[in-house]
Amino acid sequence: MKSAVAQHSSASRSTRRHGHIVPEIRSDVVRRSHRILSRIVKSYFRSEIRGAERLPSSQTILVTHHDGGVLPINGICLGVHWYDHFGFDRPLYVLTHDLLHSLWDPFSRLLADSGLLRADRKAMDAVLERGQSVLIFPGAARESFRPFWHRKNIDLGGRKGFIAQAIRWGLPITPVVSAGSHETVVVLSGGHDFAKMLGIPKIVRSADVWPLLAGLPWGVWALPFLPQIPLPAKITTEVLPPIHLSEALGRDLNPDHASDPEIVQAGFDLVVGRMRKRLGELYDERKYPVLG
C-alpha cells in the first residue's frame, strides 16, 4: 500500500479532467529519456526530420501512422525531435495501447511521467481541455503489423475519431509521415484470419492480428509481443502543413458537426490522402530498404 506521502505526491502530479486523471509530465524524466533516446535515434536510425518549423506553436492534434511492430520507432523519433524543437517547457502527450500500461507497475509509472496515456477518448479530452497537444496512432496494431510491401500505404485502420475530436475542439490536425520505420522489422503477414480464429479481437482491444515477422533476434517468429531488436533502418520524418478542417472542407464547422458522418469521412479522406501522397514520395527517394 502507498504511504500517505506517496499518495500526496502522486496526486500533486495529476489533474482530473472530464473525470479522468491526467498525470503531469515530469520534466526530469523527459530530459533523461530524451538524452538517451536522442543518441539512439540519431546514430542507430540516422533519424532526420523535415518541416519541424510547421509544428504549430499553439495546441494541435498530431496524427501519424503506426509502423514497426510493437516498437513505435517513428513515434519515438518524432518525440525526440519535438523536444529538440520546443525544448522541455512544452510537453507532448501520446496516446498508446492499453497493453503497454499493464505490463509492470514501475514501467507504467515511467510511461505516465513521460506523457504516455492509455488511448481512449476520455484521456484525449482531458489532455485537450488542459490546452496541451497530443500525438495519436489511429491505425494501432492493424497498421503496425501490415505487411512489409504495404509499408508505403496508410489507412489509419479506418478510425476516424480524431477527425471528430478536431471538429469538437476546433483544433488543427498536424499530419506526420515517416519513411523507414516499417523497415525496422519485416512483417510477412498480418495473420488476421488466424487472430479472429483465436478470438484475439475479443481479448485485446483494437488488435485483430497475429503476425508472422522476420528480423532480429529471432529470425522468423509469430509471437508479436516477443522483444525485438529493430533493424538499423534510416528514418526520415516529415511534418506536413497543419490542416484546419473548416478551411480545408470549405465549411464553417462547429462541435455539432463532429456527429455528421459525411463531414467526418470527408475530413478523414483529406488527411489520409495528403499523408499517403507524401509518404509515397519519401519512399520514392529511398534507394534501398533499411539503408535509405
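Up top you'll find the structure we're talking about.
From a predicted model like this one, the values you see are computed outputs, not experimental measurements.

Section: the nonpolar core
Judged by nonpolar contacts, the single largest core of 52 residues is most densely connected at Val 134, Phe 162 and Ile 163. Put simply, the parts of the chain that give this core at least two residues each are β4 (61–64), α3 (73–86), β5 (92–96), α5 (121–129), β7 (133–136), α7 (161–169), β8 (173–179) and α11 (261–285). Ranked by residues supplied to this core, first place goes to α11 with 10 residues. Not counting the four nearest positions on each side in its chain, Phe 162 is found in contact with Ile 61, Val 63, Ile 136, Pro 138, Leu 156, Ile 173, Phe 268 and Val 271.

Quick word on the pattern of salt bridges
Enumeration over the complete set of coordinates arrives at 16 salt bridges. With its nearest N and O atoms 3.3 Å apart, the salt bridge here joins Glu 238 to Arg 54. With a gap of 184 residues between them, Glu 238 in strand β12 (residues 236–239) and Arg 54 in the loop between β3 (48–50) and β4 connect regions that are remote in the sequence. With relative accessibility at 31%, the residue Arg 54 sits in the partly exposed group. Among the salt bridges present, the one from Lys 277 reaches Glu 281, with a minimum N-O distance of 2.8 Å. One end of the pair, Lys 277, and the other, Glu 281, are both in helix α11, four residues apart, so they sit about a helical turn from each other. Given a relative accessible area of 28%, Glu 281 falls into the partly exposed group. Ionic contacts of the salt-bridge type, sharing partners, join the residues Glu 48, Arg 50, Arg 54, Lys 234, Glu 238, Lys 277, Arg 278, Glu 281 and Glu 285 into one network.

Here is what the cut-offs are and how they apply
- Residues numbered from 1 in each chain as written.
- Predicted model: local features only at pLDDT ≥ 70, side-chain atom pairs only at ≥ 80, totals over all residues.
- Heavy atoms only, no water.
- Core = buried A, V, L, I, M, F, W, Y, C linked by side-chain atoms within 4.5 Å.
- Buried < 20%, exposed > 50% of the residue type's maximum accessible area, 1.4 Å probe, protein only.
- Helix = DSSP H or I, 4+ residues; strand = E, 2+ residues; numbered from the N terminus.
- Contact = heavy atoms within 4.5 Å.
- Salt bridge = Lys/Arg side-chain N within 4 Å of Asp/Glu carboxyl O.

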